[in-house]
Amino acid sequence: MGHTRYLTSMGELTRKDNSLCFRVNGRNTYIPIEGIRELYCLSEVSINTKLLDFLSKNKVIVHFFNYHESYSGTFYPKETLVSGRLLVAQVNASANKRLDIAKAIVQGIACNIDELLYHYYKHEKKEVKPTIDWIRKDLPLNLSRAYTIKQILQIEGELWQRFYSCFNYFLPEDFMMNKRVKRPPDNPINALISFGNSLLYSKTISAIYQTHLDQRISFLHEPSEGRFSLSLDLCEVFKPVIVFKTIFDLVNNRRLQVDKHFEKKLNYCILNEEGRKVFIGAFEERLESVFQHPKLKRKVSYRTAIKLDCYKLIKEILEEQTFMPFNNKEKR
């Protein structure tokens with residue numbers, strides 16, 4: 001996990017000389033600041049302004065999650081990669097190219113869901129074929145006929161619903177999902193999806209921070225106060241290949257089990273601390289796994305692929321190069 005550190009317990013985080021000190025139940029754990037780029041606070045963690053100043057000077061981003069394992073917010077250092085030229089161009093692109101970029105994102109999601117479902121189709125789960133057929137035939141036609149963002153979002157919503165409806169064909173019975181419930185998740189599979197999506201969203205925030213893009217100006221999702229809407233856009237195409245691939249592997253290989261790794265209360269379900277550690281380990285492993293990039297002709301990780309999509313969007317905005325998000329099929 002090289003550049004990332006996860007704090008899964010309640011405790012107090014302070015600066016100690018040139019290191020971080022995480023105090024839990026009277027015991028101190030010292031964390032060298034060198035090499036850390038992201039901190040994840042997945043439980044209640046006390047901090048102070050002296051610590052934040054130290055983290056800012058070392059360019060460490062901190063992501064905070066609430067009790068239900070949903071993303072709460074991010075502290076990141078003062079932006080140094082600021083470009084007025086790109087900002088103006090990004091605003092213009094949001095006004096003039098929004099439909100094309102939004103359609104490209106939804107088509108990218110569809111291609112990656114298709115690739116994921118085709119894996120199960122090849123392994124005798126023939127029930128997923130109607131969804132694959134819809135993705136390949138109907139979805140592109142529907143997108144070509146969409147003339148508003150609302151219509152594009154409706155197509156995206158149908159895509160995810162059709163995808164969710166396939167889960168019952170290849171997941172064990174105790175991980176069935178009746179419907180997608182987010183805040184808070186109400187069963188184990190919803191808990192995994194919410195936690196995984198929140199982790200990916202925050203990873204995308206970190207990737208965008210390392211570019212000149214503005215987090216607030218988006219294309220598929222509506223720009224709004226209180227969230228980084230461009231991160232919502234760019235993380236969508238990676239959900240099938242990072243979040244859901246991780247979930248399906250963990251569940252089908254019984255590395256995550258309902259009675260061992262979840263806390264189930266009256267109205268919600270979350271991973272327990274051991275479950276979070278299992279999921280985080282697999283999630284980071286997936287992020288760092290590499291594939292042969294068809295255009296760069298070298299191996300890159302999925303973490304790098306997220307950043308590459310940021311640069312592809314910049315090229316669309318500044319150089320009129322058509323934005324084509326990450327496509328898992330292309331790496332074969």
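In what follows, the structure referred to is the one given above.
Just so it is clear, the structure is predicted and the values come from calculations on it, not from any experiment. Each chain has its residues counted from 1, running along the sequence as written. Per-residue local features are limited, in this predicted model, to residues with pLDDT of at least 70; the limit for side-chain atom pairs, both in listing and counting, is 80 or more; totals at the level of whole chains, interfaces and linings are taken over all residues. The side-chain quantities take in all heavy atoms of the structure and omit both hydrogens and water.

**Student:** Summarise the nonpolar core; cite the residues concerned and give the values.
**Tutor:** We define the nonpolar core as a collection of buried residues of types Ala, Val, Leu, Ile, Met, Phe, Trp, Tyr and Cys that are connected through side-chain atoms lying within 4.5 Å of one another. The rule is simple: take the accessible area with a 1.4 Å probe, protein chains only, and divide by the maximum for that residue type; under 20% is buried, over 50% is exposed, in between is partly exposed. With 83 residues, the main nonpolar core has F163, F167, F244, I247, F248 and F279 as its most contacted residues. Among the nonpolar cores identified, the runner-up in size contains 15 residues, and L13, C41, L55 and V60 belong to it.

**Student:** Quick rundown of the environment of R276? Include the residues and the values.
**Tutor:** In DSSP terms, a helix is any run of H or I states spanning at least four residues, a strand is any run of E spanning at least two, and both are numbered starting from the N terminus. Of note, R276 is situated in helix 10 (residues 273-288). For R276, a relative accessible area of 9% puts it in the buried group. Residues R276 and T8, 268 residues apart in the sequence, show an inter-C-alpha distance of 7.8 Å. Here, residues are in contact when the closest pair of their heavy atoms is within 4.5 Å. Residues in contact with R276, not counting those within four places in the same chain, are T8, L42, E69, F195 and L271.

**Student:** Go over the sheet that holds strand 4 (residues 27-32) with me, naming the residues and quoting the values.
**Tutor:** For two strands to count as paired, DSSP must find a minimum of two bridges between them. A sheet is described by the order of its strands in space; here four strands give the open sequence 4-3-2-6, paired in mixed fashion. Pairing within the sheet leaves two strands with one partner each, and these edge strands are strand 4 and strand 6 (45-46). As paired elements, strand 2 (residues 11-16) and strand 3 (residues 19-24) share five bridges and run antiparallel to each other. For T14, the partnering residue across the bridge sits in strand 3 and is C21.

**Student:** Can you break down the pairing of strand 8 (residues 71-75) residue by residue, with the values?
**Tutor:** When strand 7 (residues 61-65) meets strand 8, the two strands line up antiparallel, connected through four bridges. Bridging across to strand 8, F65 finds its partner in Y71. Counting the residues between successive antiparallel strands, the hairpin from strand 7 to strand 8 contains five residues, one of them, E69, with a positive phi of roughly 65 degrees.

**Student:** Tell me about the pairing of strand 7, and please be specific about residues and values.
**Tutor:** For strand 7, the tally of buried residues reaches four of five residues, placing the bulk of the element in the interior. As judged from the four bridges shared by strand 5 (residues 38-41) and strand 7, these two strands associate in the parallel manner. Each bridged residue has a counterpart across the sheet, and for E38 the counterpart in strand 7 is I61.

**Student:** I'd like a rundown of the side chain of S301, residues and numbers included.
**Tutor:** Mapped onto the elements, S301 comes out in strand 12 (residues 299-301). Accessibility expressed as a relative area gives 8% for S301, which makes it buried. Side-chain atoms alone can form a polar contact between residues adjacent in sequence; in general such a contact is a pair of N or O atoms within 3.5 Å, and within protein one must be able to donate a hydrogen while the other accepts it. Among the polar contacts listed, one links the side chain of S301 to the side chain of T304, at a separation of 3.1 Å. Here S301 is in contact with L287, E288, S289, V290 and F291, once residues within four sequence places are set aside.

**Student:** Explain unusual backbone geometry residue by residue, including any values.
**Tutor:** Of note in this structure, K59 is not a glycine but carries a positive phi near 55 degrees. Among the residues examined, K59 registers a relative accessible area of 42% and is labelled partly exposed. In the Ramachandran plot, E124 falls in the positive-phi region, its phi being about 70 degrees despite a non-glycine side chain. Among the residues examined, E124 registers a relative accessible area of 60% and is labelled exposed.

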